[in-house]
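In case you want the letters, here they are:
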Amino acid sequence: MVKRSSLEAAECPVARSVGAIGDGWSLLIIRDAFDGIRRFCDFQRNLGVARNVLATRLKSLVGHGVLVVVPASDGSAYQEYVLTEKGRGLFNLIIGLRQWGEAHFYGPQEPHSVMVDRERGMPLRPLELRAEDGRLVGPDDCRRIPAD
């Protein structure tokens, strides 16, 4: 297998982000962390991923500042993985992936998990992207300006 070159110095923010968290396992680990999973064994049990793959992804997420390792909350000798502010900043990305998946990979009556707000128990509205003046924008309304 060819090793991917580092994207840490890329001009594009998407490339740098993919370099840090673009792996599918990493995104599922982040999803599980938002769901309250904190321990290695619980990530492994929930994901069904090989120990070496999970260890590598967790180390990378810690190295990129997405997760931090803390002493176990129950006072045991274990360690736990907790989202940092940087990691919590990925919430919209995880919700966006969820909503995209709901729209494109499920039939109208096909059951799937649903994300609801804690206060009212209602499903979340679809994410929207808005311009600075509040206008709703889509792909045809935006353009990328390369760095100088």
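Conventions we followed
- Residues numbered from 1 in each chain as written.
- Predicted model: local features only at pLDDT ≥ 70, side-chain atom pairs only at ≥ 80, totals over all residues.
- Heavy atoms only, no water.
- Core = buried A, V, L, I, M, F, W, Y, C linked by side-chain atoms within 4.5 Å.
- Buried < 20%, exposed > 50% of the residue type's maximum accessible area, 1.4 Å probe, protein only.
- Helix = DSSP H or I, 4+ residues; strand = E, 2+ residues; numbered from the N terminus.
- Contact = heavy atoms within 4.5 Å.
- UniProt positions renumbered as here; feature names shortened; annotations may be inferred.
- Axes fitted to C-alpha atoms, helices over the stretch in contact; angles between N-to-C directions.
- Parallel < 35°, antiparallel > 145°, perpendicular 65-115°, else oblique.
- Left-handed = near helix turned anticlockwise from the far one by under 90°.
- Salt bridge = Lys/Arg side-chain N within 4 Å of Asp/Glu carboxyl O.
- Expected span 1.5 Å × (residues − 1).
- Arc of directions from axis to C-beta.
- pLDDT = per-residue confidence, 0-100.

Quick look at the nonpolar core now. Counting 20 residues, the largest nonpolar core has Ile21, Ile29, Ile30, Phe43, Leu58 and Leu67 as the members making the most contacts within it. Elements with a contribution of two residues or more to this core: α1 (13–21), α2 (24–34), α3 (40–47), α4 (51–63) and β2 (79–83). With 4 residues, the single largest contributor to this core is α2. The contacts of Leu67, once residues within four sequence positions are left out, are Ile29, Ala33, Leu58, Leu61, Val62, Tyr81, Val82, Leu83 and Thr84.

Before going further, it helps to examine the UniProt feature "domain: HTH hxlR-type" (unreviewed entry) in the protein chain. Taking the numbering used here, the UniProt-annotated feature "domain: HTH hxlR-type" (unreviewed entry) corresponds to residues 12–109. For the annotated span residues 12–109, helix accounts for 61% and strand for 10% of the residues, and the straight-line distance between the end C-alpha atoms is 39 Å.

A few words now on the packing of α2 against α3. Here α2 crosses α3 at 115°, and the two axes come no closer than 11 Å. Accordingly, the angle class assigned to the pair α2 and α3 is roughly perpendicular. Relative to α3, the crossing made by α2 is right-handed. Contacts between α2 and α3 involve Trp25, Leu28, Ile29, Arg31, Asp32 and Ala33 from the first element and Phe43, Asn46 and Leu47 from the second.

A few words now on the pattern of salt bridges. If you walk through the whole model with that rule in mind, you get 12 salt bridges. Arg31 is the partner of Asp32 in a salt bridge, and the nearest nitrogen-oxygen pair spans 2.8 Å.

Count 3.6 residues to each turn of an α-helix, and residues three or four apart come out pointing the same way. The end-to-end C-alpha distance of helix α6 (residues 91–105), which contains 15 residues, comes to 21 Å, matching closely the 21 Å that a straight helix rising 1.5 Å per residue would cover. Buried residues of α6: Ile94, Ile95, Gln99 and Gly101, and no others. Looking down the long axis of α6, one finds its buried residues gathered within 155° of arc, a one-sided arrangement. Facing away from the buried surface of α6 by more than 90 degrees, the exposed residues are Ala103 and His104. Of the surrounding secondary structure, the elements contacted by the buried residues of α6 are α2.

With 13 residues, α4 ought to run about 18 Å at 1.5 Å a step, and its terminal C-alpha atoms sit 18 Å apart, in line with that. Of the positions making up α4, those classed as buried are Leu54, Arg57, Leu58 and Leu61. Looking straight down α4, one finds its buried side chains confined to an arc of 100°; they lie on one side. More than 90 degrees from the buried face of α4, the exposed residues found are Asn52, Lys59 and Gly63. The elements touched by buried residues of α4 are α1, α2, α3, β1 (67–71) and β2. In the stretch just after α4, Gly65 is the one whose phi turns positive, near 75°.

The subject of this paragraph is the confidence of the model for the protein chain. Of the residues in the protein chain, 97% reach a pLDDT of 70 or more, and the chain-wide mean stands at 92. Across the protein chain, the secondary-structure element scoring lowest on mean pLDDT is α1, at 87, and the one scoring highest is helix α5 (residues 85–88), at 98.

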